[in-house]
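Coordinates in review
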Amino acid sequence: SYRWLILSGRSDEALVSLRFLYKPRYAEEQYQALIKSTTSRINNKNEQTTLFHPSYRSSLTAGFGLVVLQQITGQPSILSYATPIFTSVGLKSISSVLVGFFKLIATSLTVFTIERYGRKRLLYTGCSLMLS
């Protein structure tokens with residue numbers, strides 16, 4: 001990307017890339033704005049180099065929380081026991097296919113549910129069900 005090229009010190013190649021994507025006049029404007037933002041970003045780099053900088057706190061908390069909640073619910077352990085359960089009831093030959101099919105159906109339903117109700121609403125509902 002042209003941003004990476006500028007950060008790597010290859011500004012001429014970045015300008016060529018911008019000219020390929022945009023009209024020449026607009027490419028020049030984008031290039032100047034990118035140089036300006038990159039320079040200010042490099043100058044402020046020492047302030048935000050750590051992962052625990054206050055500006056990253058909410059994102060880090062949300063990501064960590066989702067991982068913890070996923071582990072608490074036991075979803076990975078259930079999947080690891082699914083094949084032996086199917087095998088014990090005599091479905092050894094198709095157990096992996098059944099697990100894969102069920103995951104496909106569950107994922108498809110989840111995609112359509114998220115599109116219909118929204119992520120935030122489903123996240124709150126899922127968290128409240130896990131806590132109850």
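I will try to describe carefully the structure that is included in this document. (Residues numbered from 1 in each chain as written. Predicted model: local features only at pLDDT ≥ 70, side-chain atom pairs only at ≥ 80, totals over all residues. Heavy atoms only, no water.)

1. As for the nonpolar core
Membership of the largest hydrophobic core is limited to nine residues, which are Tyr2, Leu5, Ile6, Ala14, Leu15, Leu18, Ala27, Tyr31 and Leu34. When contributions to this core are tallied by element, the ones reaching two or more residues are helix 1 (2-7), helix 2 (11-21) and helix 3 (24-43). The contact partners of Ile6, leaving out residues within four places of it in the chain, are Ser11, Ala14, Tyr31, Leu34, Ile35 and Thr38. (Core = buried A, V, L, I, M, F, W, Y, C linked by side-chain atoms within 4.5 Å. Buried < 20%, exposed > 50% of the residue type's maximum accessible area, 1.4 Å probe, protein only. Helix = DSSP H or I, 4+ residues; strand = E, 2+ residues; numbered from the N terminus. Contact = heavy atoms within 4.5 Å.)

2. Section: the environment of Ala14
Mapped onto the elements, Ala14 comes out in helix 2. Under the relative-accessibility criterion, Ala14 is labelled buried at 0%. Put simply, Ala14 and Ser1 are 13 residues apart on the chain and 7.6 Å apart in space, counted from C-alpha to C-alpha. Sequence-distant contacts of Ala14, defined by excluding residues within four places in its chain, comprise Tyr2, Leu5 and Ile6.

3. Thoughts on the packing of helix 6 (residues 95-117) against helix 7 (residues 119-131)
Relative orientation and spacing of two packed helices are given, respectively, by the angle between their axes and the distance between those axes. Where helix 6 meets helix 7, the closest approach of the two axes is 7 Å, and the angle between their N-to-C directions is 115 degrees. When the interaxial angle is binned, helix 6 and helix 7 end up roughly perpendicular. For the pair helix 6 and helix 7, the contacting residues are Thr113, Ile114 and Tyr117 in the first and Arg119, Arg121 and Leu122 in the second. Grouping the constituent residues of the contact of helix 6 with helix 7 by class yields three nonpolar, one polar and two charged. (Axes fitted to C-alpha atoms, helices over the stretch in contact; angles between N-to-C directions. Parallel < 35°, antiparallel > 145°, perpendicular 65-115°, else oblique. Nonpolar A, V, L, I, M, F, W, Y, C, P; charged D, E, K, R; others polar.)

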